[in-house]
Amino acid sequence: MKRLDIRKLALTAAVAAAMTAGTASAEQLRLSHNTGDSTTWHQGAERFAELVSEKTGGEHSVRVFPNAQLSGGDQMRQAEMVGRGSLDLLVTSAINVTPLVPEMAVFSLPYLYANYDQVDATTQGEPVELLEAILEDKGIMVLAWGENGFRELTNSVGPIRTPEDMQGLNVRVAGPMYVDVMNALGANPQQMQWTETMTALQQGVVDAQENPIGAVIIPQQVYEVQDYLTAWHYSYDPIFLGISKEKWDGYDADTQAAIREAAEEAMAYQVEITRESTAEGLDFLREQGMEIAELSEEEIAAFREATQPAFDEWAEQVGPEIVAAFQEAIDASGE
């Protein structure tokens, strides 16, 4: 064989080896979230995956697992798994982390917020840093905040316009605070994984559920098993994109900056599409045959009064300092 051919073969082998080594050294991170692959949660997670690959030059990639697959369908366990380093990343809602961090219930205190400006004053302002510090102590680094949204009530029994209409209603709820809120309204709350909820609604195990319109009710097609919706804006729920602190601390400053930037861009996109979907949502749900009850200020005031005991109880668990920081930011947002 000619010497030139030998050199070509050697060069080809070296290039192939380098490519193989590069592929082998590329890190794939696993991201778990609670909902199906049609939701804005999933769209935000997928956008994050694209951006991580782009911003790290392919050195890091992200594989997204919907429906809490990596925690056996248990959406509450995901945060615990990230905290101890057995799962790399998660997108989850604040209320799903309350068993691990009770302070996260502050976002969802009944009737804390009236509009998005008040929400943004907390999730994009200083108050949220108090919670990020607590989560970091639990082994979770928050990279960016997204949106689940204002939680609205759907049911298959009849229109709900007053607290009295809630008496005896079997309602699926996501977390312990909502159990207390529904008890205060005279309903029968049943805490249940989201992966089990649609079947429970179809089979009549529960009559009702409460979730945001744009992030869950429409993409998960809740309108196919529920006939009535009450737009009562009773509770807000953000989501966040978090990473294992153990994993995070192993990265250099440039990699951390690239991943955080990807997270912030992805969650900003997720908030945008969630709010767009929510704004168009009531008309869409009417077209699907749902009967919509949009409550007046007076009607909402009755629900606010009825849920005040649950607010006070959970405000105490969250802690006066955190609740005060949130309320001050909310008050300042209207100035």
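For the structure given in this document, a descriptive report is provided here. One numbering rule holds for all chains: residues counted from 1, following each sequence as written. In view of the model being predicted, local features appear only for residues whose pLDDT reaches at least 70, and side-chain atom pairs are presented and counted only at 80 or more, with totals across whole chains, interfaces and linings using the full set of residues. Note that water and hydrogens are dropped before the side-chain values are worked out from all heavy atoms of the structure.

**Some details on the side chain of Ser108**
Here's step 1: Mapped onto the elements, Ser108 comes out in the loop between strand 3 (89-93) and helix 4 (116-123).
Here's step 2: When its relative accessible area of 1% is taken as the criterion, Ser108 is described as buried.
Here's step 3: For Ser108, the side chain forms a polar contact with the main-chain oxygen of Tyr236, separated by 2.8 Å. Helix numbers and strand numbers start at the N terminus; a helix is a DSSP run of H or I with at least 4 residues, a strand a run of E with at least 2. Note on classification: 1.4 Å probe, protein chains only; a residue is buried when its accessible area is under 20% of the maximum for its type, exposed when over 50%, partly exposed between these limits. N or O atoms closer than or at 3.5 Å make up a polar contact, with two conditions inside protein: a donor-capable atom paired with an acceptor-capable one, and, for residues adjacent in sequence, both atoms drawn from side chains.

**Brief notes about empty space enclosed by the protein**
Here's step 1: Buriedness for pockets is judged along seven lines, at least five of which must meet protein on both sides within 12 Å for an open set on the 1 Å grid over protein atoms alone, while cavities are sets there where a 1.4 Å probe fits but cannot get out, and lining residues have an atom within 4 Å of a point. Grid points are joined across faces, edges and corners, and a volume is the space filled by probe spheres set on the points. Here the structure, examined in full by the defined rule, presents 1 cavity of 30 Å³ or more.
Here's step 2: Each pocket or cavity is described by its volume, and for the largest cavity that value is around 100 Å³.
Here's step 3: Lining of the largest cavity is provided by 15 residues; of these, Trp41, Gln75, Asn96, Asn148 and Asn211 occupy positions nearest its centre.
Here's step 4: Residues are sorted three ways: Asp, Glu, Lys and Arg are charged, Ala, Val, Leu, Ile, Met, Phe, Trp, Tyr, Cys and Pro are nonpolar, and all the rest, Gly among them, are polar. Tallied by class, residues from the lining of the largest cavity come to 5 nonpolar, 7 polar and 3 charged.

**Notes on the layout of surface pockets**
Here's step 1: The computed volume of the largest pocket comes to approximately 280 Å³.
Here's step 2: Around the largest pocket, the lining is made up of 17 residues, and of these Tyr116, Phe150, Glu152, His233 and Thr278 lie nearest the centre.
Here's step 3: Those elements giving two or more residues to the lining of the largest pocket turn out to be strand 4 (140-155), strand 8 (228-244) and helix 10 (253-287).
Here's step 4: Of the residues contributing to the lining of the largest pocket, the split by class is 10 nonpolar, 5 polar and 2 charged.
Here's step 5: Lining of the second largest pocket is provided by 13 residues; of these, Gln124, Leu143, Ala144, Trp145 and Glu264 occupy positions nearest its centre.
Here's step 6: Put simply, the parts of the chain that give the lining of the second largest pocket at least two residues each are helix 5 (127-137), strand 4 and helix 10.
Here's step 7: A per-element tally of the lining of the second largest pocket places helix 10 first, with 5 residues.
Here's step 8: Each residue belonging to the lining of the second largest pocket can be placed in one class, and the counts come to 8 nonpolar, 2 polar and 3 charged.

**Description of the packing of helix 5 against helix 13 (residues 320-333)**
Here's step 1: Note on definitions: angles span 0 to 180 degrees between N-to-C directions of axes, and those axes are lines fitted to C-alpha atoms, for helices only across the stretch in contact. With their axes 8 Å apart at the nearest point, helix 5 and helix 13 run at an angle of 150 degrees to one another. As judged from the angle between their axes, helix 5 and helix 13 are roughly antiparallel. Here helix 5 contributes Pro127, Leu130, Leu131 and Ile134 to the contact with helix 13, which in turn contributes Glu321, Ile322, Ala325, Phe326 and Ala329.
Here's step 2: A breakdown of the residues in the contact of helix 5 with helix 13 according to their chemical character gives 8 nonpolar, no polar and 1 charged. Oblique is the label for any angle not under 35 degrees, not over 145, and not in the 65 to 115 range, which are roughly parallel, roughly antiparallel and roughly perpendicular in turn. Note on contacts: a residue pair qualifies if any of its non-hydrogen atoms lie within 4.5 Å across the two residues.

**Focus: the packing of helix 6 (residues 176-184) against helix 12 (residues 308-318)**
Here's step 1: Contact pair helix 6 / helix 12: the axes reach a minimum separation of 8 Å and the direction vectors enclose 150 degrees. Taken as axis vectors, helix 6 and helix 12 run roughly antiparallel relative to one another. Here helix 6 and helix 12 pass one another in a crossing that is right-handed. Of helix 12, the residues touching helix 6 (which contributes Pro176, Met177, Asp180 and Val181) are Ala310, Glu313 and Trp314.
Here's step 2: Across the contact of helix 6 with helix 12, the residue classes break down as 5 nonpolar, no polar and 2 charged. Here a crossing is called left-handed whenever its near helix is offset anticlockwise from the far helix by less than a right angle, and right-handed whenever the offset is clockwise.

**A word on the pattern of salt bridges**
Here's step 1: Note on definitions: salt bridges are taken to be side-chain nitrogens of Lys or Arg within 4 Å of carboxyl oxygens of Asp or Glu. For the structure on display, the rule yields 14 salt bridges.
Here's step 2: We note a salt bridge from Arg47 to Glu50, for which the minimum N-O separation is 3.9 Å. One end of the pair is Arg47 and the other is Glu50, both in helix 2 (residues 40-55) and 3 residues apart, which spans about a single turn.
Here's step 3: Overall, the relative accessible area of 51% leaves Glu50 in the exposed class.
Here's step 4: Linking Asp120 and Arg275 is a salt bridge whose minimum nitrogen-to-oxygen distance equals 2.8 Å. Here Asp120 is found in helix 4, whereas its partner Arg275 is found in helix 10, with 155 residues between them in sequence.
Here's step 5: Taken together, the salt bridges that share partners define one network made up of Glu27, Asp88 and Lys247.

**Notes on the pairing of strand 7 (residues 208-212)**
Here's step 1: Where burial is concerned, most of strand 7 is hidden: 5 out of the 5 residues are buried.
Here's step 2: The alternating pattern of strand 7 places Ala208, Glu210 and Pro212 and Gln209 and Asn211 on opposite faces, both of which are buried.
Here's step 3: A pair of strands counts as paired when DSSP detects no fewer than two bridges linking them. Two elements, strand 5 (residues 170-173) and strand 7, share 2 bridges in a ladder whose sense is parallel. Bridge pairing in strand 7 links Val171 to Ala208.

**Thoughts on helix 13**
Here's step 1: Given a rise of 1.5 Å per residue, 14 residues ought to cover 20 Å, and the 20 Å separating the end C-alpha atoms of helix 13 matches this to within 8%.
Here's step 2: Among the residues of helix 13, Ile322, Val323, Ala325, Phe326, Ala329 and Ile330 are the ones counted as buried. For helix 13, the buried positions fall inside an angular range of 160 degrees around the axis, keeping them on one side. The outward face of helix 13, more than 90 degrees from its buried face, is lined by the exposed residues Pro320, Glu321, Glu328 and Asp331. For a helix, the expected span equals 1.5 Å multiplied by the number of residues minus one. The arc under discussion is defined with respect to the helix axis, by the directions toward the C-beta atoms.

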